[in-house]
Amino acid sequence: MRLNLHLLRLFVAVADNGSFSRAAEALWISQPAVSKGIRELEHQLDLVLIERGAGGGRNAAAKGLRLTEAGSSLLAHARGIFAMERAAMEDVRARVGVQRGSLVIGASTTVASYWLPEAMAAFCRQYPDIVPRVLVGNTEWVCAQLLECSIDLALVEGQVDDAQLDRIEVRPWKDEPLTIVAAPGQAADAQTLDQARWIMREPGSGTRQATEALCAANGISAKPWMEMASNEAIARTVAHGAGIAMLPRTVVADLLALGALVELPLPAAMTRVPLQRPLYQLLLKGRPPSPATQRMVALLG
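This write-up is about the structure you can find in this document. (Residues numbered from 1 in each chain as written. Predicted model: local features only at pLDDT ≥ 70, side-chain atom pairs only at ≥ 80, totals over all residues. Heavy atoms only, no water.)

1. Quick look at the overall build of the protein chain
Here is step 1: If you tally the helices and strands in the protein chain, you get twelve helices and eleven strands.
Here is step 2: For the protein chain, the C-alpha radius of gyration of 32 Å lies well beyond 19 Å, the compact-globule estimate for 301 residues.
Here is step 3: Buried residues in the protein chain amount to 44% of all 301 residues.
Here is step 4: Counting every atom, the protein chain has about 15700 Å² of accessible surface; 53% of that belongs to carbon and sulfur.
Here is step 5: Distance from the positive charge centre (30 side chains) to the negative charge centre (30 side chains) of the protein chain: 8 Å. (Helix = DSSP H or I, 4+ residues; strand = E, 2+ residues; numbered from the N terminus. Rg over C-alpha atoms; globule rule 2.2 N^0.38 Å. Buried < 20%, exposed > 50% of the residue type's maximum accessible area, 1.4 Å probe, protein only. Areas by Shrake-Rupley, 256 points an atom, 1.4 Å probe, with all protein chains shown as cover. Lys, Arg positive; Asp, Glu negative; His and termini not counted. Charge placed at Lys NZ, Arg CZ, Asp CG, Glu CD.)

Structural data, given as structure tokens:
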């Protein structure tokens, strides 16, 4: 058995207004329609809810209507149901106005550390009643979280796996400059890059993908001599002379300014491949973005 909320609304209107005619006026429908609806509800429940022509009841006695015991019980439940309905609508309106709700962003490590904080601060200033969360991992992990609906929006620097493109919407966001860095005193040529000890991110990282793509495009047989799960850790390890690495320029800007790292300019024959990579916004296809997600996308630009 399913409770028909339309018929239940008619029943509450009759109980509140004390008569079928007043209920009809309040609902802007005909009295026969109200009477028919109450009879149908009683038939569906196999219960008498209203005793017609009876006086003395607390609900609408002056109009000759009295709720039966079953009717009084149903009325109490109905008031609770419609109170929950009002609360739900108020909550939805608040969320549409971004006055309430949640926002979970999945971001790859570089994006979370360097590109997202400014937008997050602006979002919190404009929508102080929403406290966003940021989950950080490499591109592969973030995509998995998006597919599981654990996050609302993904911001990554790596390529989405081809097998996931039928479920993930990929939106180009911005280009991020990259640079090859080493400890001071090193020079770069094709042979140096080919034989160097490359320190790379773990598989699944966008930085790793960009490094391998650049090397492949220029015939460099670079293999990871060491793998680390943090761009910052790689930068400081390189600064101590352990090897070379390609990293986002924003990650190494301070170390370059201090002279702890130097950039290795590409040989002229290799400059046809730009040292940059695209950053992406990812959304799950078929899942409409929440108002909070839409506002964050607008802030990200």
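There's plenty left to go through after this.
2. Some thoughts on the pattern of salt bridges
Should their charged atoms come close, side chains of opposite charge can pair.
Here is step 1: Taken as a whole, this structure holds eleven salt bridges when the rule is applied.
Here is step 2: Across the pair Arg9 and Glu85 runs a salt bridge whose closest N-O atoms are separated by 3.1 Å. You can see Arg9 sitting in helix H1 (residues 5–17) and its partner Glu85 sitting in helix H4 (residues 69–96), a full 76 residues away along the chain.
Here is step 3: Looking at Arg9, the relative accessible area reads 35%, which means it is partly exposed.
Here is step 4: Its salt-bridge partner being Glu212, residue Arg208 comes within 2.7 Å of it at the nearest N-O pair. (Salt bridge = Lys/Arg side-chain N within 4 Å of Asp/Glu carboxyl O.)

3. Overview of the environment of Ala70
Here is step 1: With respect to the secondary-structure elements, Ala70 resides in helix H4.
Here is step 2: Classification of Ala70 as partly exposed rests on a relative accessible area of 26%.
Here is step 3: In sequence terms Ala70 and Tyr127 are 57 residues apart; their C-alpha atoms lie 47 Å from each other.
Here is step 4: Sequence-distant contacts of Ala70, that is, excluding residues within four places in its chain, are made with Leu47, Val48 and Leu49. (Contact = heavy atoms within 4.5 Å.)

4. With respect to the layout of surface pockets
Here is step 1: Considering only enclosed or pocket space, the largest pocket measures out at about 190 Å³ in volume.
Here is step 2: Lining the largest pocket are 16 residues, with Ala210, Ala213, Gln276, Arg277 and Pro278 positioned closest to its centre.
Here is step 3: Looking at the lining of the largest pocket, the elements with two or more residues in it are helix H9 (206–217) and strand S11 (276–284).
Here is step 4: Counting residues per element, the lining of the largest pocket draws most heavily on H9, at five residues.
Here is step 5: Looking at the lining of the largest pocket residue by residue, the classes come out as nine nonpolar, five polar and two charged. (1 Å grid on protein atoms, 1.4 Å probe; cavity = no way out; pocket = protein on both sides within 12 Å on 5 of 7 lines; lining within 4 Å. Points joined across faces, edges and corners; volume = space filled by probe spheres on them. Nonpolar A, V, L, I, M, F, W, Y, C, P; charged D, E, K, R; others polar.)

5. What to know about unusual backbone geometry
Here is step 1: Non-glycine residue Asp46 carries a positive phi angle of around 60°.
Here is step 2: Inspection of the secondary structure puts Asp46 in the loop between helix H3 (31–45) and strand S1 (50–52).
Here is step 3: Assessed through its relative accessible area of 67%, Asp46 is described here as exposed.

6. What to know about the nonpolar core
When a protein is soluble and globular, its nonpolar side chains tend to lie buried together.
Here is step 1: Phe11, Val14, Ile38 and Ile50 are the most contacted members of the largest nonpolar core, which totals 23 residues.
Here is step 2: Counting residues per element, the ones that place at least two in this core are H1, helix H2 (20–27), H3, strand S2 (65–67) and H4.
Here is step 3: Ignoring anything within four residues of it in the chain, the contact list for Phe11 reads Ile38, Leu41, Leu49, Ile50, Leu67, Gly71, Leu74 and Leu75.
Here is step 4: Listed in part, the 21 residues of the second largest apolar core include Val98, Leu116, Ile130 and Met296. (Core = buried A, V, L, I, M, F, W, Y, C linked by side-chain atoms within 4.5 Å.)

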